[in-house]
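A structural walkthrough
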Amino acid sequence: MEVLLRAPGQARRRGRGRPPGAPRRGLSPPWSPAWLCCWVLAGCQAAWAGDLPSSSRPLPPCQEKDYHFEYTECDSSGSRWRVAIPNSAVDCSGLPDPVRGKECTFSCASGEYLEMKNQVCSKCGEGTYSLGSGIKFDEWDELPAGFSNVATFMDTVVGPSDTRPVGCKNSSWVPCGNYIESNRDDCTVSLIYAVHLKKSGYVFFEYQYVDNNIFFEFFIQNDQCQEMDTTADKWVKLTDNGEWGSHSVMLKSGTNILYWRTTGILMGSKAIKPVLVKNITIEGVAYTSECFPCKPGTFSNKPGSFNCQVCPRNTYSEKGAKECIKCAEDSQFSEEGSSECQERPPCTTKDYFQIHTPCDEEGKTQIMYKWIEPKICREDLTDAIRLPPSGEKKDCPPCNPGFYNNGSSSCHPCPPGTFSDGTKGWEVAGDHIQSGAGGSDNDYLILNLQIPGFKPPTSMTGAMGSELGRITFVFETICSADCVLYFMVDINSRSTNVVESWGGTKEKQAYTHIIFKNATFTFTWAFQRTNQGQDNRRFINDVVKIYSVTATNAVDGVASSCRACALGSEQSGSSCVPCPPGHYIEKETNQCKECPPDTYLSIHQVYGKEACVPCGPGSRSTQDHSVCYSDCFFYHEKENQSLHYDFSNLSSVGSLMNGPSFTSKGTKYFHFFNISLCGHEGKKMALCTNNITDFTVKEMLAGSDDYTNLVGAFVCQSTIIPSESKGFRAAVSSQSIILADTFVGVTVEATLQNVRVKEDMFPVPPSQIPDVHFFYKSSTTTTSCVNGRSTAVKMRCNPMKPGAGVISVPSKCPAGTCDGCAFYFLWESAEACPLCTEHDFHEIEGACKRGFQETLYVWNEPKWCIKGISLPEKKLSTCETVDFWLKVGAGVGAFTAVLLVALTCYFWKKNQKLEYKYSKLVMTTNSKECELPAADSCAIMEGEDNEEEVVYSNKQSLLGKLKSLATKEKEDRFESVQLKSSRPPNI
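Calculation notes
- Residues numbered from 1 in each chain as written.
- Predicted model: local features only at pLDDT ≥ 70, side-chain atom pairs only at ≥ 80, totals over all residues.
- Heavy atoms only, no water.
- Helix = DSSP H or I, 4+ residues; strand = E, 2+ residues; numbered from the N terminus.
- Buried < 20%, exposed > 50% of the residue type's maximum accessible area, 1.4 Å probe, protein only.
- Contact = heavy atoms within 4.5 Å.
- Areas by Shrake-Rupley, 256 points an atom, 1.4 Å probe, with all protein chains shown as cover.
- Pairing = 2+ DSSP bridges.
- Axes fitted to C-alpha atoms, helices over the stretch in contact; angles between N-to-C directions.
- Salt bridge = Lys/Arg side-chain N within 4 Å of Asp/Glu carboxyl O.
- Disulfide = S-S within 2.5 Å.
- Core = buried A, V, L, I, M, F, W, Y, C linked by side-chain atoms within 4.5 Å.
- Phe/Tyr/Trp six-rings, centres within 6.5 Å; stacked < 30°, edge-to-face > 60°.
- pLDDT = per-residue confidence, 0-100.
- Patch = residues over 30% accessible without salt bridge, like charges linked within 9 Å, V, L, I, M, F, W, Y side chains within 5 Å.
- Polar contact = N/O pair within 3.5 Å; in protein donor to acceptor, adjacent residues only side chain to side chain.

1. Description of the overall build of the chain
Summing up its helical and strand segments, the chain has 5 helices and 62 strands in all. A total of 987 residues make up the chain; the buried ones form 40% of that total. The long-range fraction of contacts in the chain, counting pairs at least 24 apart against all pairs at least 6 apart in sequence, stands at 66%. For the chain, the exposed area adds up to about 55,500 Å²; of that, 53% sits on carbon and sulfur atoms.

See the structure below:
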């Protein structure tokens, strides 16, 4: 009785097996409990089968085509078993018994595979290849089995779901035939592949990574999602345009999860260059059970090949080819590595170009026309054009400025002491250099210019920020597709960095790049007609034209004009001598003379006193007159009051983290600003860095000063992406740019050299202390800032914010700028207050005690000053005590009171006497009303008292008025005169 045994979970599996290194279900040895249970179950099945009707047919015996072999998982001793697994949809009986397999670390050599039946290594046949213990992914028509895409979106925006940015569901890596392409947006997308290695190995891949607006990292995790130690340096280096770089990392045995992760940073509407990856190779799998067929466009004509060769031009091959098939030479063509032939198109003007032969002795050049190689067009078609006739002679173009023609076919540099103006310029295609055809539209067309160094016409001490030279070129682009012109700079052959780029059609314009250091520079112009991957030439008429390239102060350069030089102290016929730093050439004597104080020497002109340019307000020049800077001290006269400022305590770099902001995909980021306000002899102390490689600023400074990820300026800006926004281990700093590298001046005015701070940009200050403005500029121009960038820092006195204070940006421009060119900052600090003077305090006099009086001095409130003069010490002066004057006052008061009482009594007594006399007279008059008094002498006798004087009464006294009212006298009364008798009373 034959019994069919199927391994649990694998009864319906295909015979081609799984990808190498994929996890397997475990099969136990024959003596294990699991196998014993299977044999018992088989006996039960056999006994049950004996009871079946005779009409039931037995299962057919298994043939080799009905099953395949696999290894069980390795046990603790490192051994395993080879077992037979039925293919899917196959029912048979009589599977081979399990046998002991090769040791777990066994693997075949390159070009061989493990033949499982006999467990021996065999060579791969023609049309196939094998890496031995490795696997390779070089076909990307679709995402290979085992690869997956994971797009992450950090939902950091708070608010209703309809107001949140669009997610990253549609972001992924895209297969593109020979390579796979990363996403083109702000999302973080990971390409993931898991592999189980039986021994240590490595992973290798080729890539293109040219856009630093994308973070590209490759790292490895184990099955516990922990990063392996081998991926400490996970950031992948940038590559030059059009070049493929390579990256490899060692792998440990066990499960390795590989991650290719890209993150777009603040893309916006800008077209970016995605990361391209191809030829992923993984070494270290236990064995390869089959050989891989060569992909289309390649072939393998020898057994035991470890790779496939590319089919040459005008040939093609299909998958698994042993040789390449030629195309019909007259009517078809193909590029290298093609899977099919294409029909040759009719020839057009895009298929040929013209060249100029070297100038002959007559100063003539011939125009020659040639087909672009390889020639893929046909001339025999009806609408095809023919190659124009060659040999037309024309006058040779003039040499470049600084070069001359000595009768030969080329131009030579002018000898020292001579010059050539080259007024009509130099031409390759007319009056310009024009981009060529290239192999395809997405090729990079490279033009390089290397300059060994720069040296200004005057001797300089190399102060930071001094302009040493500049390169200026005039160009024009004519495009019908998404062409891009890149201008790149390489310093001392470290790495090439894109300085500026222009996309699409651009009118004729000039661009200037300023050189600040003496080093070997390589300037590169790279032109690409389209960013889309294609092998044809649909946009060959898209060109860039460079009309002139001018580099000033180049080492070993040539002269385009004569220039005055300084003479030594000997006779006027002596040779030229270089002027010391900060000296100009005096016109009258041609001698070197130092520039006046607070002026700097222009590098563009050293002849005449006008070469010394005055520094801006509130600034001074360095000792060598190379640059102007602020020494942190500022003076201002206001309403007959002198205001002195000392910003020394703010000379260290001030920082501002502004934000957060969010991209359309929800990426949170901050703008980080560093400001070097003043001092340091004009050195630019503000540093901004791109920490993609996790270097620190300290490590960068300790190394070469050519490190391209570090920029130094008076004001610089970086874009900070927090670690929680993209899942990084630390915050990422990128896109560092210089906002200010030249100090302009400091003033209380709101405008200086076309840089203006509007009144409504910041809140109104609470005091009458004027704000002080520091103005800076950047000499670097961009397509959006043709005049460069500018920065204004408003210093405001705020006693409530001690120390470094607080830096803020305008509320209307939360990024510090409204147009991307002019930046504004408000720096509030107590250190921005003027120095204290005698106008900032007042005195308070104390009481006089024991003959002494104290005078105290206190600050005016609120206090709008700092440092300066100190409060005077309290003053103690002599004074009269309060008791003495109190006694004097009491005595004078008492005397005055007694005097008043005495006078009152005197006048009261006298008034009483007068009233008595008057009453007596009135009574006498009333008693003798009808009698006339007898005549009497009017004289006063001797000895008589004249007290009784004549009294005239015109008005009634108060007593009389009361008496009249009581007696109701008549209103008509006569005046009475008392005549005092002269006779004695006894008569």
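2. Notes on the sheet that holds strand E52 (residues 732–740)
The strands that make up a sheet are held in pairs by hydrogen bonds between backbone atoms, and each pair lies either parallel or antiparallel. Read across the sheet, 4 strands follow the order E47-E48-E51-E52 without closing on themselves; strand pairing throughout is antiparallel. Every interior strand has two partners, whereas the edge strands, strand E47 (654–662) and E52, have only one. Along the sheet, successive strands turn relative to each other by an average axial angle of 20 degrees, direction set aside.

3. Overview of the pattern of salt bridges
Here the structure, examined in full by the defined rule, presents 16 salt bridges. The salt bridge involving Glu181 is made with Arg184; its shortest N-O contact spans 3.1 Å. A relative accessible area of 13% means that Glu181 is categorised as buried. With a closest N to O distance of 3.5 Å, Arg620 and Asp631 form a salt bridge. One end of the pair, Arg620, is in strand E43 (residues 620–621); the other, Asp631, is in the loop between strand E44 (628–629) and strand E45 (633–638), with 11 residues separating them in the sequence. The class of Asp631 is partly exposed, set by a relative accessible area of 24%. Salt bridges sharing partners connect three or more residues here, namely Asp646, Glu831 and Lys867.

4. What to know about the sheet that holds strand E33 (residues 496–503)
Taken together, the 4 strands give an open sheet; going across it, the order is E30-E35-E32-E33, and neighbouring strands pair in antiparallel fashion. Lying at the two open borders of the sheet, with one neighbouring strand each, are strand E30 (444–451) and E33. Going from strand to strand, the sheet's axes swing by 20 degrees on average, the running direction of each strand aside. Judged from the 8 bridges that link them, E30 and strand E35 (residues 521–528) form a sheet pairing that is antiparallel. Bridging from a neighbouring strand, Leu449 pairs with Phe523 of E35.

5. Some details on the state of the cysteines
Evaluated as defined, the whole model comprises 16 disulfides. Sulfur-sulfur distance for the disulfide between Cys108 and Cys121 comes to 2.0 Å. Between Cys108 and Cys121 the disulfide shows an S-S torsion of about -85 degrees. By sign, it is left-handed. Placement of Cys108 in the loop between strand E3 (99–100) and strand E4 (112–115) and of Cys121 in strand E5 (residues 120–123) is noted, with a sequence separation of 13 residues between them. Overall, Cys121 belongs to the partly exposed group, its relative accessible area being 30%.

6. Brief notes about the nonpolar core
Core analysis: the largest hydrophobic core is formed by 36 residues, its most contacted members being Phe216, Trp260, Val277, Ile280 and Ile282. The biggest single contributor to this core is strand E11 (residues 188–197), with 5 residues. Every residue in contact with Ile282, bar those within four places of it in the chain, is listed here: Ser133, Gly134, Ile135, Phe137, Tyr193, Val195, Leu197, Tyr202, Val203, Leu251 and Leu258. Judged by nonpolar contacts, the second largest core, of 34 residues, contains Phe634, Val772, Met795 and Val809.

7. Details of the packing of aromatic side chains
Throughout the structure, instances matching the rule amount to 42 aromatic pairs. Taking 5.5 Å as the distance between ring centres and 90 degrees as the angle between the ring planes, the aromatic pair formed by Phe473 and Trp525 counts as edge-to-face. Of the two residues, Phe473 is situated in strand E31 (residues 469–478) and Trp525 in strand E35; the sequence distance between them amounts to 52 residues. Of the residues examined, Trp525 reaches a relative accessible area of 3% and is grouped as buried.

8. So, the pairing of E5
Each regular strand displays side chains that alternate between the two surfaces of the sheet. In the sheet, E4 pairs with E5 via 4 bridges, with the strands oriented antiparallel. By the bridge assignment for E5, Glu112 is matched with Lys123. The antiparallel pairing of E4 with E5 creates a hairpin that spans 4 residues between the two strands, and Gln119 there sits at a positive phi of about 55 degrees.

9. Quick look at the confidence of the model for the chain
Averaged over every residue, the pLDDT of the chain is 76; the share at 70 or more is 75%. Predicted confidence is poor over residues 459–465, with pLDDT under 50, and the contacts of this stretch with residues over four places away or in other chains come to 17 contacts. Overall, residues 693–707 carries pLDDT values under 50, and its contacts beyond four positions in sequence, including any with other chains, amount to 21 contacts.

10. Some remarks on a nonpolar patch on the surface
A cluster of nonpolar side chains, namely Phe895, Leu899, Leu903, Tyr906 and Phe907, defines an oily patch on the protein surface of about 550 Å² accessible area. Note that Tyr906 resides in helix H4 (residues 882–927).

11. Details of the side chain of Thr599
Relative to the helices and strands, Thr599 is located in strand E41 (residues 599–601). Take Thr599: its relative accessible area is 8%, and that puts it in the buried class. Each residue touching Thr599, except ones within four places of it in the same chain, is listed here: Cys612, Val613, Pro614, Cys615, Ser621 and His625.

12. Remarks on the environment of Glu681
Structurally, Glu681 is set in the loop between strand E48 (668–675) and strand E49 (686–689). In the structure, Glu681 is positioned 60 residues away from Ser621 in sequence and 8.7 Å away in space, judged by C-alpha atoms. Here Glu681 is in contact with Thr622 and Tyr629, once residues within four sequence places are set aside.

13. Overview of unusual backbone geometry
Residue Pro374 is bonded to the preceding Glu373 through a cis peptide linkage, with omega at -5 degrees. The residue Pro374 is located in the loop between strand E25 (364–371) and strand E26 (392–395) in this model. Cis geometry is adopted by the peptide bond preceding Pro862, which originates at Glu861 and carries an omega value of -5 degrees. Along the polypeptide, Pro862 turns up in the loop between strand E61 (852–859) and strand E62 (875–878).

14. Comments concerning the pairing of strand E59 (residues 822–829)
Among the 8 residues in E59, 8 count as buried, and that is most of the element. Side-chain alternation along E59 places Ala822, Tyr824, Leu826 and Glu828 on one buried face and Phe823, Phe825, Trp827 and Ser829 on a second face that is also buried. As defined by bridge partners, strand E57 (residues 790–797) adjoins E59 across 8 bridges and the pair is classed as parallel. Bridge pairing in E59 links Arg796 to Glu828. For strand E58 (residues 806–808) and E59, the ladder comprises 3 bridges, and the chain directions are antiparallel. Of the residues in E59, the one forming a bridge with Ser808 is Leu826.

15. Some remarks on the side chain of His68
With respect to the helices and strands, His68 occurs in strand E1 (residues 67–71). Residue class for His68 comes out buried when judged on its relative accessible area of 8%. Here Glu70 takes part through its side chain, which lies 3.3 Å from a polar atom of the side chain of His68. Separated by 2.8 Å, the side chains of His68 and Asn87 make a polar contact.

16. Observations concerning the environment of Met795
Summarising the element assignment, Met795 is placed in strand E57. In this structure, the C-alpha to C-alpha distance between Met795 and Phe774, residues 21 residues apart in sequence, is 7.7 Å. Apart from the residues within four sequence positions on either side, Met795 is in contact with Phe647, Leu650, Leu677, Asp771, Val772, Phe774, Trp827 and Ala832.

17. Brief notes about the environment of Tyr584
Mapped onto the fold, Tyr584 is located in strand E39 (residues 583–585). Once the C-alpha coordinates of Tyr584 and Glu610 are considered, the two residues, 26 residues apart in sequence, prove to be 8.9 Å apart. When near neighbours in sequence (up to four residues on either side) are disregarded, Tyr584 contacts Cys579, Gln591, Cys592, Lys593, Glu594, Cys595, Leu601, Val606, Gly608, Lys609, Ala611 and Cys612.

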